[in-house]
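The primary structure of each chain is shown beneath.
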Amino acid sequence: MASLHAELSTGRLRIYTPALYDDGTPWKKEREQDMCQLLHKIQSHHKEALERLTGSDVVRRFLPAGVCVGLLDPVSNIIVNALLAATADKAYSPPVAVDLGDTERRSLDGLVIFLTCFFPYLADWEAVRYLLLADADPLVAARIVVEDRGTKCFRPDSAATNGALKLALTCATVAAKHPQLADAWLSLCSSLDKAVPLLSPVHPNYYHHNIFNNLHTLFKETTHVPYPPPRGRTHVGPSGGLGPHRLTGPWELAATRRTHAAKVPYQHSWSLRRVLLDAIHGFYLKALARMPPGGSRYHRSMLNAGHCYGPLDPVSNIILNTVWYEANFPPLTPQRELDFVGTWSLMRIEALSFYGLLSFLCTCHQDLGMHEAMRILIETDLNLSEHCSSVKEEQEAFRAAAIAAWCPRLNSDAQAGFLSSCKKPEVLSLLLSNGGQQQLSSQAVQQLATLLASGMTTQQQQPVSVSKWMFDDTMSEGSERRRAHKRISKKVKGALRRYEKQNSGDNACYQLHVVCGVNESVSGPDNSAETTMKRDDTDDEFDDYYHHTRANFLATRNVGSVCSVPVLFFAELSNDGDDDQLLCCPVDIPQPGAEPVRCLFCEQAGIRIVHPANQEGFHGRTLEFEKMVRGEDFYDNGYYPEVYSNHRILRRSESIANWRQGGDEEECMYLGSNDFTIKEDDGDESEDYEDD
C-alpha cells in the first residue's frame, strides 16, 4: 500500500511512499460477519431450490451434490448440479431427507475459490464481499470485480477469459468436493440458453415429469461434448461442422441477471495498486521495444531514472526521462553491451513510478485521496496531461513525483524543471512520429539526447569512495550477475532458434532485442531425495531446487526491415539440463486493464511475467492450482512440505510489489572500476576486473 509521508509533504507537496504492510484486511469479527451473511444467502438459495424441486424426489436425492458453483444463477446451479449427479449415477439412492449444512459450506468454499482463482491479487475476504454484492452469483460477482478494477480490455470471448473461466470453475468444483462437475458445465455452455427456460419457476407444479425428462435428455446429450476451445482454435464436431460456441453464453446470461450497476461500498486500494503495477509493467515493455537495436547503453538510465510520469503518454515519458538522464548524468564507466535488463531493477523502477504518479496527482488536486487518485490513473491510462492549471503548479507536482520516486544522484528540482518545459515541437516530432508506435533509430535517440541536453551543463558524477573489500565485493557481484544473465540469454537464443525452425513456414527470422523478465523459481522448491541426486557440483546444497526457468524477451522480426517493432516472447526453460526448451511462443504486450493470465509460481515469486493466454503447456497453471486448493504438497519434501495457498501467494508477492530498495545486486552489472575510488588507508587499489 502507500501512505502520505508527513516529513516530506511540506507546503503543497503530498508525497506518497510505501506503507508498512497493510493489505486493508478488516478485523476478524467483520470478516466473520461477512462470511455469515454469505452463508445465509447460500442457505436461502438452497431453500428455494428445495421448493422448486417439490414433487421431484429423483433430483432431491442428489441435493448433496447441488452446490451453488456453476455458470447460472445460484438456485439454477444447485438444481443443475443435482441433475448432473442424477444423470451420471442413476443407481445412487441416498435418503430424500438430507442435511444440507455441509453442502452449503462447500458451496461457500467453491464460490470464494472461483473468484480468487479467476482474478489475481484477490484475498478471500474481498471475494466474500463481492459475492455478497452479487447475491452469491459467481459470474455476476466476477463482472463486478471487472468493473471495480477498471478492466477495460475484458472480453468474454477472449482466450484469456476462456482460460480463466476454465481454471476458476475447475478449482471451484474441487473446493466444493465435486470436481467432475467442471467439465460437465463447460460442455453445457452451448446449451445453457435451452436450459434456462426449463429452470425458470413459471408455476407451482414446476417440476412435473415432462420438464425433468427434457432437462435430463439435454444434459445427457451435452455432457459428453468437449468444452469450447479458446478463441482462435476451432473445435470440429463429429459431422465435420463447427463444435460448440465459445464461452460467451454464460457472460451474456450474467449480464441479464444484473439489471443495475452494483455500487461497491468498499475501497479495495491494495488490489487496485497491484492492477496499476501490472499496467505500468506493460508500458515499460513497450518502451524497451521502442529503444533502438544495441540500445543497452540506456538500460542503466532507464532503471535509475526512466520513470513513466511526465507530460506525455507513459511510454514516451519513460523514453524521455531515460534519454534525458543519460545525456545529463552520463556514467563514469562505459556501458557494456548487454542483451538483458535486471528483473528486480525493472520492478523497482515500476514501483517508484507508481509512487511518483500518485504524488503528482495528489499534489495537483489537494482534496484527492489515494484511492480516488488510483482510479483516475486507471481510467486515464496513467496520462497526467491537463491535470494542472499552471506551469508553476505542474512543476510543483513533478517535484513531488521526483521526491517520491527517489530520483538518484539528481536534484528533484532538475527533473521537475525539465518535465515542465520539454514539450518542444522537435522533441514531440521525434517521439511521436508514426503514432509513437515504431522502434526508434539510434540516430533519432541521439538527436533526442542532443535536444534534451541543450541548455543544461552535463553533471559528471563523482566516484564513490569505498573500502577495498567493498570494491572487490561489488565487482565480483557484478561479474557473477552478468555471467548468470548470459547463461539465461544463451538459453533464450536457443529457444528462439528452435521456434524459427518450428515455424519456418512464415519465413520470419528473429534477433534477440532484450531479455526483460526472468523467474528462476518455477516448479519447486523440490527438495526430495530424487531431486537431490540431480544436483550438480555448482548447486548449493542449502538452496531450494526449481525445475524450470521462465523468461520474457523482445525479439526483432525480419532483421533489416524498416521500423520493425520487436515482438514479445514467452519461454519456459528446463533447469534439469535434459530439455532446454519446453515452450516458446509470442505473446501480446498487455494493455492497461488487460485480462488476467494466472500462473501460481510467478505470482508466488512476485515477478511480472507475461504468459500466453491460449496455452496450457506451462507449469503453474491448472494442475498446480488444483493442488493448491486441495492443500497438497507439490513435491515430496519430507518434514518441510511445500503447500501453497492464496493467502501465502498474496503475502509473499506483496513484499515484492513494494520493491523500492531491491535490485542493488543487479545494479552492480552496470558498474565498473571508474565508479569507485579506494580509500587511501585501505591498501592498494584492487586487481583489475575485465568485462566478462
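Residues numbered from 1 in each chain as written. Predicted model: local features only at pLDDT ≥ 70, side-chain atom pairs only at ≥ 80, totals over all residues. Heavy atoms only, no water.

Student: Even after reading the chapter, I still don't get the state of the cysteines, so can you show me in this structure?
Tutor: Simply put, disulfide is the name for a covalent bond between the sulfur atoms of two cysteines. Going through the model one piece at a time under the given rule, you end up with one disulfide. Two residues, Cys364 and Cys388, share a disulfide whose sulfurs are 2.3 Å apart. In this pair, Cys364 sits in helix α15 (residues 343-364) while Cys388 sits in the loop between α16 (370-379) and α17 (391-404), placing the two residues 24 residues apart along the sequence. A relative accessible area of 22% means that Cys388 is categorised as partly exposed. (Disulfide = S-S within 2.5 Å. Helix = DSSP H or I, 4+ residues; strand = E, 2+ residues; numbered from the N terminus. Buried < 20%, exposed > 50% of the residue type's maximum accessible area, 1.4 Å probe, protein only.)

Student: What's the story with empty space enclosed by the protein in this structure? I'm lost.
Tutor: Where empty space is left can be seen by rolling a probe of water-molecule size over the atoms. Scanning all chains against the criterion turns up three cavities of 30 Å³ or more. The computed volume of the largest cavity comes to approximately 60 Å³. As for the largest cavity, its lining consists of Gly150, Lys152, Val275, Leu276, Ala279, Leu377, Ile378, Asp381, Leu382, Pro592 and Gly593. Of all elements in the fold, only α12 (269-290) and α16 reach the threshold of two or more residues within the lining of the largest cavity. With three residues, the single largest contributor to the lining of the largest cavity is α12. The residue makeup of the lining of the largest cavity, split by class, is seven nonpolar, two polar and two charged. (1 Å grid on protein atoms, 1.4 Å probe; cavity = no way out; pocket = protein on both sides within 12 Å on 5 of 7 lines; lining within 4 Å. Points joined across faces, edges and corners; volume = space filled by probe spheres on them. Nonpolar A, V, L, I, M, F, W, Y, C, P; charged D, E, K, R; others polar.)

Student: Looking at this model, I keep getting lost on the sheet that holds strand β6 (residues 567-574). Mind explaining?
Tutor: Sheet strands line up and pair through hydrogen bonds in the backbone, either parallel or antiparallel. Strand order in the open sheet formed by four strands is β4-β5-β6-β7, and the pairing between neighbours is antiparallel. Of all strands in the sheet, those with a lone pairing partner are β4 (510-522) and β7 (583-586), marking the two edges. Within the sheet, the average angular offset between the axes of one strand and its neighbour, ignoring direction, is 15°. Inspection of the sheet shows β4 paired to strand β5 (residues 548-557) by nine bridges, in the antiparallel sense. Pairing of Val514 across the sheet is with Leu554, part of β5. Helix-sheet contacts for α12 involve β4, β5 and β6, and the interaxial angle to β4 is about 150°. (Pairing = 2+ DSSP bridges. Axes fitted to C-alpha atoms, helices over the stretch in contact; angles between N-to-C directions. Contact = heavy atoms within 4.5 Å.)

Student: Looking at this structure, how should I read the packing of aromatic side chains?
Tutor: Think of a pair of aromatic rings as described by two things: how far the centres are apart, and how the planes are tilted against each other in angle. Throughout the structure, instances matching the rule amount to 18 aromatic pairs. Taking 5.8 Å as the distance between ring centres and 65° as the angle between the ring planes, the aromatic pair formed by Phe118 and Trp251 counts as edge-to-face. Of the two residues, Phe118 is situated in helix α4 (residues 101-118) and Trp251 in helix α11 (residues 249-257); the sequence distance between them amounts to 133 residues. The residues Phe118 and Trp251 share a single accessibility class, namely buried. (Phe/Tyr/Trp six-rings, centres within 6.5 Å; stacked < 30°, edge-to-face > 60°.)

Student: Whenever I open this one, the nonpolar core confuses me. Can you help?
Tutor: Note that soluble globular proteins tend to have their nonpolar side chains buried in a common cluster. Counting residues in hydrophobic clusters, the biggest one holds 126 residues, and the most contacted among them are Tyr309, Ile319, Leu320, Phe354 and Phe553. Per element, the largest residue contribution to this core is twelve residues, and it comes from α15. Residue contacts for Leu320: discarding those within four places in its chain leaves Pro311, Leu312, Phe418, Leu419, Cys422, Val427, Leu431 and Leu452. Formed by 66 residues, the second largest nonpolar core is a distinct cluster that contains Leu111, Val146, Ala184 and Leu192. (Core = buried A, V, L, I, M, F, W, Y, C linked by side-chain atoms within 4.5 Å.)

Student: Teacher, can you tell me more about the side chain of Thr549 here?
Tutor: With respect to the element layout, Thr549 can be found in strand β5. Note on Thr549: relative accessible area 5%, which makes it buried. In terms of polar contacts, Thr549 uses its side chain to reach the side chain of Asn575, at 2.7 Å. Residues in contact with Thr549, not counting those within four places in the same chain, are Val518, Asn519, Glu520, Ala571, Glu572, Leu573 and Asn575. (Polar contact = N/O pair within 3.5 Å; in protein donor to acceptor, adjacent residues only side chain to side chain.)

Student: Help me out: how do you make sense of the pairing of β5 in this one?
Tutor: A regular strand places its side chains on the two faces of the sheet in alternate fashion. Within β5, nine of the ten residues are buried, leaving the element largely enclosed by the surrounding structure. Across eight bridges, the pairing between β5 and β6 is antiparallel. Each residue of the ladder has a partner; that of Leu554, found in β6, is Leu568.

Student: Can you help me understand α11 in this one?
Tutor: Side chains that are three or four residues apart share a direction in an α-helix, a result of its 3.6 residues per turn. Those residues of α11 that fall on the buried side of the exposure criterion are Gly249, Pro250, Trp251 and Ala254. Those residues of α11 hidden inside the fold are in contact with α4, α6 (138-148), α7 (159-175) and α9 (192-199).

Student: What should I look at first to understand the confidence of the model for the protein chain in this one?
Tutor: Fine structural detail should not be taken from predicted coordinates in areas where pLDDT scores are low. Of the residues in the protein chain, 81% reach a pLDDT of 70 or more, and the chain-wide mean stands at 82. In the predicted structure, residues 226-245 sits below a pLDDT of 50 and forms 37 contacts with residues beyond four places in sequence or in another chain. (pLDDT = per-residue confidence, 0-100.)

Student: Would you mind going over the pattern of salt bridges with me for this structure?
Tutor: Two side chains with opposite charge may pair up if their charged atoms get near one another. Summed over the entire model, instances satisfying the criterion amount to 24 salt bridges. Two residues, Glu326 and Arg300, come together in a salt bridge whose shortest N-O distance is 3.6 Å. A residue pair is termed long-range when its members are at least 10 positions apart, and Glu326 in helix α14 (residues 314-328) and Arg300 in helix α13 (residues 299-305) qualify at 26 residues. The two residues Glu326 and Arg300 agree in class, both being buried. (Salt bridge = Lys/Arg side-chain N within 4 Å of Asp/Glu carboxyl O.)

Student: Teacher, can you tell me more about the environment of Gln443 here?
Tutor: Relative to the helices and strands, Gln443 resides in helix α20 (residues 442-453). When the C-alpha positions of Gln443 and Pro292 are compared, they lie 8.9 Å apart, and in sequence the two are 151 residues distant.

Student: For this particular structure, what's the right way to read unusual backbone geometry?
Tutor: Glycine aside, negative phi is the norm for most residues, and most peptide bonds take the trans geometry. With an omega of 0°, the peptide bond between Gly524 and Pro525 qualifies as cis. When you line up the elements, Pro525 lands in the loop between β4 and α22 (529-534). Phi is positive for Lys177, which is not a glycine, with a value near 70°. Within the element layout of this structure, Lys177 appears in the loop between α7 and α8 (181-188). One non-glycine residue with positive phi stands out, namely Ser523, at about 65°. Counting through the fold element by element, Ser523 comes out in the loop between β4 and α22.

Student: Help me understand the environment of Val514, please; the structure alone is not making it clear to me.
Tutor: Within the fold, Val514 resides in strand β4. By relative accessible area, which is 1% here, Val514 ends up buried. For the pair Val514 and Gly294, spaced 220 residues apart in the sequence, the C-alpha separation amounts to 9.1 Å. Once residues lying within four places of it in the same chain are set aside, the contact partners of Val514 are Leu288, His299, Asp339, Phe340, Val341, Phe553 and Leu554.

Student: Sorry if this is basic, but what is going on with the packing of helix α1 (residues 28-52) against helix α5 (residues 124-133) here?
Tutor: Any two packed helices are characterised by how steeply their axes cross, that is the angle between the axes, and by the distance between the axes. The contact between α1 and α5 brings their axes to 10 Å, and the two run at 40°. Relative to α5, the element α1 is oriented oblique. Judged by the sense of rotation from one axis to the other, the crossing of α1 with α5 is left-handed. Every residue of α5 that contacts α1 at Glu30, Arg31, Asp34, Met35, Gln37, Leu38 and Lys41 is listed here: Trp125, Val128, Arg129, Leu131 and Leu132. When its residues are assigned to classes, the contact of α1 with α5 shows six nonpolar, one polar and five charged. (Parallel < 35°, antiparallel > 145°, perpendicular 65-115°, else oblique. Left-handed = near helix turned anticlockwise from the far one by under 90°.)

Student: Would you take a moment to explain α7 for this structure?
Tutor: For α7, which comprises 17 residues, the first-to-last C-alpha distance of 24 Å matches the rise-based estimate of 24 Å (1.5 Å per residue) to within 8%. Counting buried residues along α7, 17 of its 17 residues qualify, which places the element largely inside the surrounding structure. (Expected span 1.5 Å × (residues − 1).)

Student: Help me out: how do you make sense of the packing of α7 against helix α24 (residues 622-630) in this one?
Tutor: The contact between α7 and α24 brings their axes to 9 Å, and the two run at 25°. Judged on the interaxial angle alone, α24 and α7 are roughly parallel. Crossing angle aside, the handedness with which α7 passes α24 is right-handed. Touching Lys166, Leu167, Thr170, Cys171, Val174 and Ala175 of α7 are Thr622, Phe625, Glu626, Val629 and Arg630, all from α24. Class assignment for the residues of the contact of α7 with α24 results in six nonpolar, two polar and three charged.

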